[in-house]
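If you want the building blocks of each chain, they are given just below.
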Amino acid sequence: MPSLCPIQVRYTTVATLLALVTAVVIGVSMDLAVRYRVRDEAFLNAEKTTLWWSAHVRVGQLPHPIPTSAGIDLIQVVDAGGRIVNASLQTGRAPLSMFRPEPGNRVQRRTECLPDERCVLLVADRISLDADSPVVYAGAAEPSILSTHDLEYAIAASALLMTVVSGWLTWRMTGRSLRPLKLQCQLASTTSHELRNPIAGLRVQLEEALLYPDQINPRDTIQGALSTTERLEAIVEDLLLLARLCDGEPAPSEPIDLGALVTAEVGTPSHTMPVHAQVTGDVWVYGSRTQLIRLLNNLVSNARRHAETGVTVSVTYADGQAVMAVTDDGAGIEPADRERVFERFVRLEDGHRRDATGSGLGLAISREIAHAHRGTLRIEDSSRGARFVLRLPLMGGKWSAGDRMP
């Protein structure tokens, strides 16, 4: 299977480019639309003003100076010789434009740049068809949104922000979507590595039995092969259980007296290393009895491997939670390794030395069982040895007897 990181990079790159193209198209369209709207509105107001005062010129009722309104503060009446006949106070002494509309096209829009470097959105209206007809000019200074690039800068910044956010969201979403595949790839890689050694050992035993039939006892070969097969079977069973737990496959659930379960499981002497149970009160939880027994046995087996004289399993409750602690009196676990030991196939040097046949999946399975029961499993500080603490919701808290486990 190809590496998943390039897939995430590829998807993110494509999505970012698409977002960039979309942002550019939307930004250009918005820029043109805004500019057109502002320009058209300014010209429309100027045209209305021009037509209004043209009518007053025709009837000879033009006030002096010409008053302004509707944001149109530049108004002039200019005769055929280029002389200003009347104007608003803001226009100055120079004509706003030397352009004269043709008789067949009396009203025209123009953008004129004045000597003081101002640009004006201007409408010119020829009063009549006569050759010496005066012209009424009306307009206003070009708005800053048209005369500067501030609009483009704002749109570009918004497009850049949209592109960056789109790329970041795509990276997060693809990473979240690919995370199960990454975990599966990591699990497949780790599993193949862990299975390679026992399979290689089994192959060597069988090949030696075939190559040297007179020197190797077939019974010893078969016993060794069976031992290796049992280890492979245990690894496969643990992997299947992990897969079911990770997939959230529901298990039969029931009210469980956690203290009674611990007392029953550790009360049967089956090992040279003693295990002591300490139960405080009635501690009831809701969950799978089989899975909780598996969790308990995993923790106790791990504690027995590292203990010097004995193991203690305590059950109590605090803050609405059932608390089960498995403590040994061994060397303990360094703080830096307290999370790593819950990873799949991780075995510390001391644990591998004490038991070379373990699969390295027991603690990973135990934590998954805790999570399946909406609880936690952590290693906490202890005066001596390692202390594994399981915390589960008490019955009457988050769960009731009619609920099902997820």
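Residues numbered from 1 in each chain as written. Predicted model: local features only at pLDDT ≥ 70, side-chain atom pairs only at ≥ 80, totals over all residues. Heavy atoms only, no water.

Taking an unreviewed UniProt entry as the reference, the chain is identified by name as histidine kinase belonging to Planotetraspora kaengkrachanensis. Turning to the chain, the UniProt record has this under Catalytic activity (unreviewed entry): "ATP + protein L-histidine = ADP + protein N-phospho-L-histidine." In the Subcellular location (unreviewed entry) part of its UniProt record, the chain is described as follows: "Cell membrane". (UniProt positions renumbered as here; feature names shortened; annotations may be inferred.)

(A) Region of interest: the overall build of the chain. When helices and strands are counted, the chain shows 8 helices and 12 strands. Residues counted as buried form 38% of the 406 residues belonging to the chain. Long-range contacts, defined here as pairs at least 24 residues apart, represent 62% of the contacts in the chain between residues at least 6 apart. Carbon together with sulfur atoms contributes 57% to the accessible area of the chain, which is approximately 23,400 Å² in total. (Helix = DSSP H or I, 4+ residues; strand = E, 2+ residues; numbered from the N terminus. Buried < 20%, exposed > 50% of the residue type's maximum accessible area, 1.4 Å probe, protein only. Contact = heavy atoms within 4.5 Å. Areas by Shrake-Rupley, 256 points an atom, 1.4 Å probe, with all protein chains shown as cover.)

(B) Quick peek at the environment of Leu394. With respect to the helices, strands and loops of the structure, Leu394 is situated in the segment after strand 12 (387-393). Note on Leu394: relative accessible area 16%, which makes it buried. With 77 residues separating them in the primary sequence, Leu394 and Tyr317 have C-alpha atoms 8.0 Å apart. Leu394 has contacts with Val283, Trp284, Tyr317, Gly320, Gln321 and Ala322, leaving out every residue within four places of it along the chain.

(C) Geometry of the sheet that holds strand 2 (residues 84-87). Within the open sheet, the 5 strands sit side by side as 2-1-5-4-3. Their pairing is antiparallel. Every other strand in the sheet has two partners, leaving strand 2 and strand 3 (107-113) as the edge strands with one partner each. Averaged over all pairs of adjacent strands, the angle between strand axes in this sheet comes to 25 degrees, irrespective of strand direction. Alignment of strand 1 (residues 74-78) against strand 2, held across 3 bridges, turns out to be antiparallel. (Pairing = 2+ DSSP bridges. Axes fitted to C-alpha atoms, helices over the stretch in contact; angles between N-to-C directions.)

(D) Geometry of the sheet that holds strand 11 (residues 376-380). Taking strand neighbours across the sheet as the criterion, the 5 strands line up as 7-9-10-12-11 in an open arrangement whose pairing is mixed. In the strand order of this sheet, the two ends are held by strand 7 (275-279) and strand 11, each with one partner. Strand-to-strand, the axes of this sheet are offset by a mean angle of 20 degrees, without reference to chain direction. The strands touched by helix 6 (residues 289-306) are strand 7, strand 9 (311-318), strand 10 (321-328), strand 11 and strand 12; relative to strand 10, the strand with the most contacts, the crossing angle is about 25 degrees.

(E) Spatial organisation of the UniProt feature "transmembrane region" (unreviewed entry) in the chain. In the numbering adopted here, UniProt assigns the feature "transmembrane region" (unreviewed entry) to residues 12-34. In this annotation, residues 12-34 is assigned 100% helix and 0% strand; the end-to-end C-alpha distance for the span is 32 Å.

(F) Main features of the pattern of salt bridges. Under the criterion given, the structure shown has 14 salt bridges. A salt bridge links Arg39 to Glu142; its shortest N-O distance comes to 3.7 Å. A residue pair is termed long-range when its members are at least 10 positions apart, and Arg39 in helix 1 (residues 4-59) and Glu142 in the loop between strand 5 (135-141) and helix 2 (144-147) qualify at 103 residues. Looking at Arg39, the relative accessible area reads 29%, which means it is partly exposed. Members of the salt-bridge network, linked through shared partners, are Asp31, Arg35 and Glu152. (Salt bridge = Lys/Arg side-chain N within 4 Å of Asp/Glu carboxyl O.)

(G) Geometry of unusual backbone geometry. With an omega dihedral of -5 degrees, the bond running from His64 to Pro65 counts as a cis peptide bond. One non-glycine residue with positive phi stands out, namely Asp319, at about 55 degrees. By relative accessible area, which is 78% here, Asp319 ends up exposed. Unusually for a residue other than glycine, Arg374 sits at a positive phi of about 60 degrees. Classification of Arg374 as partly exposed rests on a relative accessible area of 42%.

(H) Geometry of the nonpolar core. By size, the foremost hydrophobic cluster in this structure holds 46 residues, and its most contacted members are Leu299, Val313, Met324 and Phe388. For Val313, the residues in contact, after removing those within four places along its chain, are Val262, Val266, Val275, His276, Ala277, Gln278, Leu296, Val300, Met324, Ala325 and Val326. Ala42, Ile75, Val123 and Ala138 belong to the second largest nonpolar core, which has 15 residues in total. (Core = buried A, V, L, I, M, F, W, Y, C linked by side-chain atoms within 4.5 Å.)

(I) Quick peek at the state of the cysteines. Throughout the structure, instances matching the rule amount to 1 disulfide. A disulfide bridge connects Cys113 with Cys119, and the sulfur atoms are separated by 2.3 Å. The sign of the 80 degrees torsion about the S-S bond sets the Cys113-Cys119 disulfide as right-handed. (Disulfide = S-S within 2.5 Å.)

(J) Seen up close, the packing of helix 5 (residues 258-266) against helix 6. Running from N to C, helix 5 and helix 6 point in directions that differ by 55 degrees, and their axes come no closer than 11 Å. Of the possible angle classes, the one that applies to helix 5 and helix 6 is oblique. Considering the relative orientation of helix 5 and helix 6, their crossing is right-handed. Contacts between helix 5 and helix 6 involve Leu261, Val262, Glu265 and Val266 from the former and Arg289, Ile293, Leu296, Asn297 and Val300 from the latter. Looking at the contact of helix 5 with helix 6 residue by residue, the class counts come to 6 nonpolar, 1 polar and 2 charged. (Parallel < 35°, antiparallel > 145°, perpendicular 65-115°, else oblique. Left-handed = near helix turned anticlockwise from the far one by under 90°. Nonpolar A, V, L, I, M, F, W, Y, C, P; charged D, E, K, R; others polar.)

(K) Layout of the packing of helix 6 against helix 8 (residues 362-372). Look at helix 6 against helix 8: their axes get within 9 Å of each other, and the N-to-C directions meet at 145 degrees. The two elements helix 6 and helix 8 meet at a crossing, and its hand is left-handed. Seen from helix 6, the contacting residues are Gln291, Arg294, Leu295, Asn298, Leu299 and Asn302; seen from helix 8, they are Gly362, Leu363, Ile365, Ser366, Ile369, Ala370 and Ala372. Looking at side-chain class alone, the contact of helix 6 with helix 8 contains 7 nonpolar, 5 polar and 1 charged residues.

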